[in-house]
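Chain by chain, the residues run as shown.
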Amino acid sequence: MRISPARYRTIAAVALGLLCAIVITGAAVRLTGSGLGCDDWPNCNDQRLIDVSSNHAAIEQVNRLFTGAVALGVIAAVLGSLWRAPRRRDLVVLSLGLVAGVLGQIVLGGITVLVDLHPLAVQGHMLLSMVLVANAVVLLRRAGEPDDSTRTAAVSSPTSRLTWAVTVGTAVAIVAGTVVTGAGPHAGDEDVQRFDVAITTAARLHGIAVLVTVALGALLALRVQRRADERRVLANPISSWLFVAVLQGAIGYVQYFNDVPELLVGLHVAGATALWSMTVWLLLTTRVAVPAAVAGGEPALATA
């Protein structure tokens, strides 16, 4: 059985979409207080594997079942990498990384329930999701590159370093955001442990990380705007990134000053997932795939 590179890229895109979607469904579980709607693992409770006798149990059960759809998408990515013609080792390795991540999520999900939604476990669940999303973005990007190609720098070294700074800043902001969540009211259940930190302090640190990262993104956009060769490469991804980042910051401030309503928190989680995907894509765009036979003849980019 063989599939085309274009078909495999579609499979990779579906896997990425499913991995992003399950972050949002997981947030819905927490925001509706359904984190312990199923208080056992892998059964929903000590009597039933599947239980929808209450709203909380049904919501948690749907999220668990959706994990099956994610698993199918990841399995399709692995099988597709093996059936793709021609087969490429990098795509096989990246798709297996998705398998490892999903298995880790299943185990961590069970641990999270067994420790009664301890905030460290919930935080780890979210951060592992971000690792999986990054893996899927890289897989999608690589699946769109020509076979027998090599990647070379598409921007100057200073621009590449500034892009890395934006990436690290975004990661720090997301981690800080999980601390805010761990200290805030949306724990997934009314009687679970929270981080021993004032939510105002956590929110301020998160806000500072966001402002610094947005400033770095604006600096990158200004630098790219002044260089025609780099503008062709990065103008669209950095413009999109800035739009989503500013919108995400606005949602964050609005939700904070309105006692973090569930709907806005859900939008904030969805925005964080989208922004992280775009950040990884932006970073990958700083290198371009060229045929291996001509890679050595590529002109060097300016370093200033």
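The paragraphs below set out a description of the structure included in this document. (Residues numbered from 1 in each chain as written. Predicted model: local features only at pLDDT ≥ 70, side-chain atom pairs only at ≥ 80, totals over all residues. Heavy atoms only, no water.)

**A closer look at the side chain of Thr 167**
So, point 1. Relative to the helices and strands, Thr 167 resides in helix H5 (residues 157-183).
So, point 2. Each residue touching Thr 167, except ones within four places of it in the same chain, is listed here: Trp 276, Thr 279 and Leu 283. (Helix = DSSP H or I, 4+ residues; strand = E, 2+ residues; numbered from the N terminus. Contact = heavy atoms within 4.5 Å.)

**Re the environment of Ser 239**
So, point 1. You can see Ser 239 is positioned in helix H7 (residues 228-256).
So, point 2. Relative accessible area serves as the criterion here: at 46%, Ser 239 is assigned to the partly exposed category.
So, point 3. For the pair Ser 239 and Val 166, spaced 73 residues apart in the sequence, the C-alpha separation amounts to 13 Å.
So, point 4. Looking at Ser 239, its side chain comes within polar contact range of the main-chain oxygen of Ala 235, at 2.7 Å. (Buried < 20%, exposed > 50% of the residue type's maximum accessible area, 1.4 Å probe, protein only. Polar contact = N/O pair within 3.5 Å; in protein donor to acceptor, adjacent residues only side chain to side chain.)

**Quick word on the nonpolar core**
So, point 1. Counting 33 residues, the largest nonpolar core has Tyr 8, Leu 16, Leu 19, Val 70, Leu 98, Leu 139 and Trp 276 as its most contacted members.
So, point 2. At the level of secondary structure, the elements contributing two or more residues to this core comprise helix H1 (5-31), helix H2 (55-83), helix H3 (89-114), helix H4 (119-143) and helix H8 (262-285).
So, point 3. A per-element tally of this core places H4 first, with 11 residues.
So, point 4. Discounting residues that sit within four places of it in the chain, Trp 276 has contacts with Met 130, Val 133, Ala 134, Thr 167, Thr 170, Ala 171 and Ile 174.
So, point 5. Among the nonpolar cores identified, the runner-up in size contains 14 residues, and Ala 221, Val 224, Trp 241 and Leu 275 belong to it. (Core = buried A, V, L, I, M, F, W, Y, C linked by side-chain atoms within 4.5 Å.)

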